[in-house]
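So the chains spell out like this:
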Amino acid sequence: MNINECELPGIGRKFETITANNDRIVIIIHDDGNREVYHYDDNDDEESISGVTFTDQEARQFASIMGGMVYQPKTLESINLAINDLIIEWHKIDVKSPIANKTIGEYDVRNNYNITIIAIIKKETENLLAPGPDSRLVPGDTIILSGARKDVKRIYQDLLAKGRD
Amino acid sequence: MDHLIFEVGTALLIVAFAAYFAGKFKLSIIPFLIILGMVVGPHAPDLGFIDLRFIDSAEIITFLGRIGVLFLLFYLGLEFSVDKLIKSGKNIVYGGTVYVAMNFILGLGYGFLVGLGFYEALIIAGMVSVSSSAIVAKVLVDLRRTGNKETELILGIILFDDIFLAVFLSVMSGLLLSDNSSTLSTVISVLISIGYMLLFFVIARVGTKYLNRFLNIKSNEVFIIVVFAGLFFIAGFSETIHVAEAIGALLFGLMLSETVHSERIEKLVVPYRDFFGAIFFFSFGLSIDPRTLGDAIWISLGAVILTVLSNVIAGMIAGRNAGLSHKASSNIGLTIMARGEFTIIVANLGIAAQLSPVLKPFSALYVLILAILGPFLTKESSKVFNLLNKVFKWQEPITKKSIKKKIESPPDA
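As the structure is a computational prediction, the values presented were derived from the model and not from experiment. (Residues numbered from 1 in each chain as written. Chains lettered and ligands numbered in written order. Predicted model: local features only at pLDDT ≥ 70, side-chain atom pairs only at ≥ 80, totals over all residues. Heavy atoms only, no water.)

Participant: Can you break down the overall build of chain B residue by residue, with the values?
Facilitator: The helix and strand tally for chain B stands at 19 helices and 0 strands. Its C-alpha atoms put chain B at 75 × 55 × 50 Å along the principal axes. Within chain B, the proportion of its 413 residues that are buried is 54%. Taking contacts inside chain B between residues at least 6 apart in sequence as the whole, the part at least 24 apart equals 81%. (Helix = DSSP H or I, 4+ residues; strand = E, 2+ residues; numbered from the N terminus. Buried < 20%, exposed > 50% of the residue type's maximum accessible area, 1.4 Å probe, protein only. Contact = heavy atoms within 4.5 Å.)

Participant: Please provide a residue-by-residue account of the side chain of B:S132, values included.
Facilitator: Residue and element names in this part refer to chain B. Summarising the element assignment, S132 is placed in the loop between α6 (118-129) and α7 (133-142). Take S132: its relative accessible area is 0%, and that puts it in the buried class. In this structure, S132 is in contact with A338, R339, G340 and E341, ignoring residues within four places of it in sequence.

Participant: Tell me about the interface of chain B and chain A, residues and numbers included.
Facilitator: The partner chain A presents 21 residues to the 21 residues of chain B that form the contact. Here chain B meets chain A over a buried area of about 1,900 Å², counting both sides, of which 48% is carbon and sulfur. Counting the contacts that link chain B with chain A gives 1 salt bridge. The partner of B:E152 in a salt bridge is A:K14, and the shortest N-O contact between them spans 3.1 Å. Where chain B meets chain A, there are 8 residue pairs in polar contact (both at pLDDT 80 or more). Among the elements that line the side of chain B that touches chain A, the one with the most residues is helix α8 (residues 149-177) of chain B, at 5 residues. (Buried area = accessible area lost by both parts, 1.4 Å probe. Salt bridge = Lys/Arg side-chain N within 4 Å of Asp/Glu carboxyl O. Polar contact = N/O pair within 3.5 Å; in protein donor to acceptor, adjacent residues only side chain to side chain.)

Participant: Residues and numbers for the domain arrangement of chain A, please.
Facilitator: By the assigned domains, chain A splits into domain 1 (3-66) and domain 2 (73-164). Computed over C-alpha atoms, the centres of domain 1 of chain A and domain 2 of chain A are 41 Å apart. (Domains from an automatic or database assignment.)

Participant: Before we move on, could you go through the packing of helix α1 (residues 4-24) of chain B against helix α2 (residues 29-39) of chain B and cite the residues and values that matter?
Facilitator: All names here are of chain B. Two elements in contact, α1 and α2, have axes whose closest approach is 9 Å; the angle formed by their N-to-C orientations is 145°. Relative to α2, the crossing made by α1 is right-handed. For the pair formed by α1 and α2, the contact residues are I14, V15, F17, A18, A19, F21 and A22 on the first element and I29, F32, L33 and L36 on the second. Class assignment for the residues of the contact of α1 with α2 results in 11 nonpolar, no polar and no charged. (Axes fitted to C-alpha atoms, helices over the stretch in contact; angles between N-to-C directions. Left-handed = near helix turned anticlockwise from the far one by under 90°. Nonpolar A, V, L, I, M, F, W, Y, C, P; charged D, E, K, R; others polar.)

Participant: Give me the pattern of salt bridges: which residues, what numbers.
Facilitator: In a structure, side chains of opposite charge can pair up when their charged atoms sit close to one another. Evaluated as defined, the whole model comprises 14 salt bridges over all chains. For the salt bridge of A:E5 with A:R13, the shortest nitrogen-to-oxygen distance reads 2.7 Å. Across the pair B:D274 and B:R273 runs a salt bridge, and its minimum N-O distance is 3.0 Å.

Participant: Tell me about the side chain of A:D141, and please be specific about residues and values.
Facilitator: Residue and element names in this part refer to chain A. By secondary structure assignment, the location of D141 is in the loop between β9 (128-129) and β10 (142-148). A relative accessible area of 3% means that D141 is categorised as buried. Here the side chain of D141 touches K122 through a polar contact of 3.0 Å, side chain to side chain. Each residue touching D141, except ones within four places of it in the same chain, is listed here: H91, K92, I93, I120, I121, K122, K123 and R136.

Participant: Talk me through the sheet that holds strand β2 (residues 12-18) of chain A; I want residue IDs and the actual numbers.
Facilitator: Two pairing modes exist for strands in a sheet, parallel and antiparallel, and in both the strands are linked by backbone hydrogen bonds. Spatial strand order, β1-β2-β3-β4-β5 (chain A): 5 strands in an open sheet with antiparallel pairing. Looking at strand neighbours, the two that pair on one side only are β1 (3-8) and β5 (48-54) of chain A, the edges of this open sheet. The mean angle between the axes of side-by-side strands here comes to 15°, regardless of whether they run parallel or antiparallel. By the bridge criterion, 6 bridges tie β1(A) to β2(A) in an arrangement that is antiparallel. Bridge pairing in β2(A) links A:N4 to A:E16. Its contacts with the sheet put α8(B) on β1, β2 and β3 (24-30) of chain A, and the angle it makes with β1(A) is roughly 35°. (Pairing = 2+ DSSP bridges.)

Participant: Quick one: what's the story with a nonpolar patch on the surface, residue by residue and with numbers?
Facilitator: Residues and elements named next belong to chain B. A surface patch of nonpolar side chains, amounting to about 470 Å² of accessible area, comprises Y94, I305, L309, I313 and I317. A total of 4 residues in the nonpolar patch trace back to one element, the largest contributor, which is helix α14 (residues 293-321). Locating Y94 in the fold gives a position in helix α5 (residues 90-113). (Patch = residues over 30% accessible without salt bridge, like charges linked within 9 Å, V, L, I, M, F, W, Y side chains within 5 Å. Areas by Shrake-Rupley, 256 points an atom, 1.4 Å probe, with all protein chains shown as cover.)

Participant: Describe in detail the nonpolar core, supporting the description with residues and values.
Facilitator: Residue and element names in this part refer to chain B. Core analysis: the largest hydrophobic core is formed by 142 residues, its most contacted members being I34, F54, L73, F74 and F282. Among the elements that take part in this core, α8 stands out by supplying 17 residues, more than any other. Once residues lying within four places of it in the same chain are set aside, the contact partners of F282 are A11, I14, V15, L33, L36, G37, V40, F54 and I61. (Core = buried A, V, L, I, M, F, W, Y, C linked by side-chain atoms within 4.5 Å.)

Participant: Quick one: what's the story with the confidence of the model for chain B, residue by residue and with numbers?
Facilitator: All names here are of chain B. Summing up the model confidence of chain B, the mean pLDDT is 87 and the portion of residues at 70 or higher is 93%. For the stretch residues 400-413, pLDDT sits under 50, and the model shows 7 contacts to residues farther than four places along the chain or on other chains. Taken over the whole predicted complex, pTM reads 0.76, whereas the ipTM for its chain interfaces reads 0.72. (pLDDT = per-residue confidence, 0-100.)

Participant: Run through the pairing of strand β8 (residues 116-121) of chain A, naming residues and quoting values.
Facilitator: Regular strands place their side chains on alternate faces of the sheet. All names here are of chain A. When β8 meets β10, the two strands line up antiparallel, connected through 5 bridges. Looking at the pairing, I121 lines up with T142 of β10. Examined bridge by bridge, β8 and β9 share 2 bridges and lie antiparallel to one another. Looking at the pairing, A119 lines up with L129 of β9. Connecting β8 to the next strand, β9, in antiparallel fashion are 6 residues.

Participant: Please provide a residue-by-residue account of the environment of B:A134, values included.
Facilitator: Residues and elements named next belong to chain B. Among the structural elements, A134 can be located in helix α7. Look at A134 and you get partly exposed, because its relative accessible area is 41%. Counting along the chain gives 205 residues from A134 to R339, while the straight-line C-alpha distance between them is 9.3 Å.

Written as structure tokens, this is what we have:
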């Protein structure tokens, strides 16, 4: 993405870009801290069809949402950590997840998916480290699992994700 | 004397009222302050219970206004940077030159045409050439046009215009404030003001390192005292060598503009600039007897028409040169024609030098009209463009039909 930057003396700075979808977007950062975002007409690139103004605070918050940087542990559903091909992921068990209310052994996660469940973070009771095959997963639990990228992807699709929507 | 604070307080109340009112209607506060200043003042009838003539406090209000000028120009100096101008590119330099040259030459010609002397004509040329940075920036933000293509060019031209203002004020103050009437002493006095200006430029360039170190003050309290002391001292000192105090303030700002502290100073100065600046416009209004406005009405209207035309034409030339459409180019002139603080400051220089008394009502009317008409035409720029387009036929009128046609047959990529 090509971003043009220029100074607007007495007002602030202007950043201008055309997105892959051919939308002309202009962002103005005012010296007083406000930000403005304008979107221009596809046919007439001199007529802005919409514009929003953000305060400094709003702009920062918005930027972190846009950038996917929001980190709010309370509502955390999943995060992952990758070391070469090894992935460690956190997943919250949903009521509708296939694995909810089942034991790890019932799906034989280790053999079927080549995945190790490292720990189960229980909401009410004690957390389980290195849970055995008879450990039961209750909705609301968060499981920490590790494995190769493709295996993690598969277990997520088969056992965890379906209950998401 | 007991009522001094009360009188100043009353004046501030009027200023606050004008500011509040202007804010409510999203208009520049400058015309409101001038009008209210004119309505009250020594020419107003004494209402008895409250004295709106401000006779005892006139001196102190004028003084506070003078401080306003210092802050306005100090801030202008701070904002101003030669690097910025060099980086801004040829379109801005070209547009700025066309803009300033056209307005200045037409203004000078107009001054002679209405039968004024050489110095008066020069002052008028200066007045019609300097756009109001404050009004233009406000209008652009209020109308949400900061993202538009032409805005870059508009603000660039204004930056260029401000530099012209600095040079013009320096030269004029040398011309007008010299005490002798012989040509030689006038030349010397102009050379002194130009030399004085260059001295500050050199200090700003060479001394940045030392200024940075010297101003590296942690405490805001000490920092602001040091900066303001410098501002007032240098402004006052300049006056003693026949360089207007406003220029002293401008040059001091310029000297600090290249330092790393310039942003911190700007932030500290803005509230002072806004407060004392408002008093300046009010005190300018106070100094005008509304009955003298009639003398200047025709000459002001003529100058307004001239300014509107030359701004639109210069804006069109600058915009087309930068590759903008006719519509965007017409916006340039319509936006940039607002006149305000700097026009009054130029006029004040002429008034201080006791040039023709018509300058005062002329400057008041001229600024009043353009401070209101400028933002109005900016707001209605589409209508103005459609009107112009009918005459010049630059482009097919924009209708729903033509947009539809465009969508059906997209231009080749």
